[in-house]
Protein chains: 2
Amino acid sequence: MPRRGMEQQRRLELVEATIEAIHATGSLDVTVGQIARRAGVSSALAHHYFGGKDDLIVATMRHLMGVFASHVRRRLRTAKTPRARLTAIIHGSFTADQLQPAAMSSWLVFYAMAQASPGAKRLHRVYTARLHSTLVHALTELMPRAKAIETARGIAALIDGIYLRCALGDETPDTKQAVALVEGYVEAILNRKMRRG
Amino acid sequence: MPRRGMEQQRRLELVEATIEAIHATGSLDVTVGQIARRAGVSSALAHHYFGGKDDLIVATMRHLMGVFASHVRRRLRTAKTPRARLTAIIHGSFTADQLQPAAMSSWLVFYAMAQASPGAKRLHRVYTARLHSTLVHALTELMPRAKAIETARGIAALIDGIYLRCALGDETPDTKQAVALVEGYVEAILNRKMRRG
DNA sequence: CGTTGTTGACTGATCAGTCAATCAAGTTAG
DNA sequence: CTAACTTGATTGACTGATCAGTCAACAACG
């Protein structure tokens, strides 16, 4: 029973079904058919809207990145000091929806995929670069530029590492704990800097 | 021209070929045939020795974990103080051979695989638990136990995050830089603790 | 009627895993 | 010493299953 103006809705349904399917199998070994069935449509329709499997996966990745970016952006809007901006980024990285096991699984799978698929690699680089420059921007006001760059690398690695452990651990990922870990890192670095000079 | 006592050699060749093949394709979408050809044998032989594809991959993961563990263990032997033990773990995590792009790719792929394959998951849990307890053991002598556990989580996440970035970045992974980052974290935490109480 | 949404049925290709057979190097019996 | 036998190494050829992607057709709506 086809209705008009279904495209946007179907695209979103397929993207969400992709996340669920990836989480269910724990890998990219998901057939287009499985995803489509989960979304309640035929596999042919998935091809119709996305062109191919890779495009569907990349679109899903883009979706998750969009969620992340919007979380961070919203929090950044009300952050006045550089220190508050750091906290905004950290909290934006660990919102409840992003810590959902299904989302975490997808991130991890995408990381792996970024090694092989040019499209995924490009997208991943955008995410990395954006996070890095946002971090450096906030940090340069708190420490020398060189140190800011190194610290940004550390924070980013820490965030990614925590994602990884959330995706693989059996414990339910906990926003508070994740935030505390990264904040602890930032605090330790900042305090050390201040005492030193 | 079959000779006796080939088993050990063939197993190692196949494991190394698996690492290379994974790096070449950047994913687990490697056929047993590709791996076998790389090792200079037939795909049937790979099945003969390892049983199946999953077993071959898990054996490869076990191999990499063994390399990591032996590096850390050797360094731990000559480390006298808790602080030196931390440095041993950190240096052991970033030896040149482990930072090889092929090895990094494999780690990342294995991380992803640990979500899906029970065998890989079990193995990953062993790695995580071992690293965690080694870290906590060294840290408890430097700070209260609760803080030691949190710090161990941070260090482990940082190490994993750096692995991840090495696997995905285009820059050649650099031992010195990786070590400096983690050491910086440790130093910052320790200094802060000491000043506080 | 034309456009948009939707599908079932099909295909061509790929791959993991199996199996029976071959080949070399020891081993035992005579 | 050697012929017969055993055992481990190794393969080519096959199969059964799976899957991405295609296509022609149909259904509803305007």
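Note that the coordinates shown come from a computational prediction; the quantities given were computed from them, not determined experimentally. (Residues numbered from 1 in each chain as written. Chains lettered and ligands numbered in written order. Predicted model: local features only at pLDDT ≥ 70, side-chain atom pairs only at ≥ 80, totals over all residues.)

Draft legend 1. Representation of the overall build of chain A within the structure. Of the regular secondary structure elements, chain A holds 9 helices and 0 strands. Each helix (α) and strand (β) of chain A, taken in turn from the N terminus, gives the series α-α-α-α-α-α-α-α-α. Judged by the C-alpha coordinates and their principal axes, chain A covers about 70 × 35 × 30 Å. Out of the 197 residues belonging to chain A, those deemed buried represent 40%. At a minimum sequence separation of 6, the contacts of chain A that also span at least 24 residues come to 62%. (Helix = DSSP H or I, 4+ residues; strand = E, 2+ residues; numbered from the N terminus. Buried ≥ 20, exposed ≤ 12 C-beta atoms within 10 Å, placed from the backbone. Contact = placed C-beta atoms within 7 Å.)

Draft legend 2. Fine view of the interface of chain B and chain A. Across the boundary between the two partners, chain B contributes 32 residues, which contact 32 residues of chain A. Residue assignment for the side of chain B that touches chain A shows that the elements contributing at least two residues are helix H7 (101-116), helix H9 (145-168) and helix H10 (175-196) of chain B. Here the side of chain B that touches chain A takes 12 residues from H9 of chain B, the largest share from any one element. Looking at side-chain class alone, the side of chain B that touches chain A contains 17 nonpolar, 10 polar and 5 charged residues. (Nonpolar A, V, L, I, M, F, W, Y, C, P; charged D, E, K, R; others polar.)

Draft legend 3. Fine view of the relation of the copies chain B and chain A. Once chain B has been moved 0.0 Å along the axis and rotated by 180 degrees, it coincides with chain A to within an RMSD of 0.0 Å. Overall, the copies show the geometry of a two-fold rotation axis. When C-alpha distances to the rotation axis are compared across chain B, the minimum falls at Gly161 of chain B, with a value of 1.9 Å. Interface residue correspondence from chain B to chain A reaches 100%, placing this contact among same-surface, isologous pairings. (Least-squares fit on C-alpha atoms with pLDDT ≥ 70 in both.)

Draft legend 4. Spotlight on the packing of helix H2 (residues 32-39) of chain A against helix H3 (residues 43-50) of chain A. All names here are of chain A. Following both chains from N to C, one finds H2 and H3 inclined at 100 degrees, their axes separated by 8 Å at the closest point. Comparing the axis directions of H2 and H3 gives the class roughly perpendicular. In this structure, H2 contributes Val32, Gly33, Ile35 and Ala36 to the contact, and H3 contributes Ser43, Leu45, Ala46 and His47. A breakdown of the residues in the contact of H2 with H3 according to their chemical character gives 5 nonpolar, 3 polar and no charged. (Axes fitted to C-alpha atoms, helices over the stretch in contact; angles between N-to-C directions. Parallel < 35°, antiparallel > 145°, perpendicular 65-115°, else oblique.)

Draft legend 5. The nonpolar core, seen in detail. Counting 120 residues, the largest nonpolar core has Leu108 of chain A together with Leu108 of chain B as its most contacted members. Setting aside residues no more than four positions away along its own chain, Leu108 of chain A makes contact with Leu164 and Ala167 of chain A together with Tyr111, Ala112 and Gln115 of chain B. (Core = buried A, V, L, I, M, F, W, Y, C linked by C-beta atoms within 7 Å.)

Draft legend 6. Representation of the environment of Gly33 of chain B. Here Gly33 of chain B shows up in helix H2 (residues 32-39). Along the chain, Gly33 of chain B and Ala46 of chain B lie 13 residues apart, while their C-alpha atoms are 8.5 Å from each other.

Draft legend 7. Molecular detail of helix H8 (residues 118-139) of chain B. Between its first and last C-alpha atoms H8 of chain B spans 31 Å; for 22 residues at 1.5 Å apiece the expected length is 32 Å, and the two agree. Taken as a whole, H8 of chain B has its buried residues at Ala120, Leu123, His124, Leu131, Thr134, Leu135, Ala138 and Leu139 of chain B. Buried residues of H8 of chain B, viewed axially, fall in a sector of 135 degrees; they line one side. The exposed set on the far side of H8 of chain B, more than 90 degrees from its buried face, consists of Pro118, Arg122, Ala129 and Ser133 of chain B. Where H8 of chain B is buried, its residues meet helix H8 (145-168) of chain A together with helix H4 (53-77), helix H5 (82-93), H7 and H9 of chain B. (Expected span 1.5 Å × (residues − 1). Arc of directions from axis to C-beta.)

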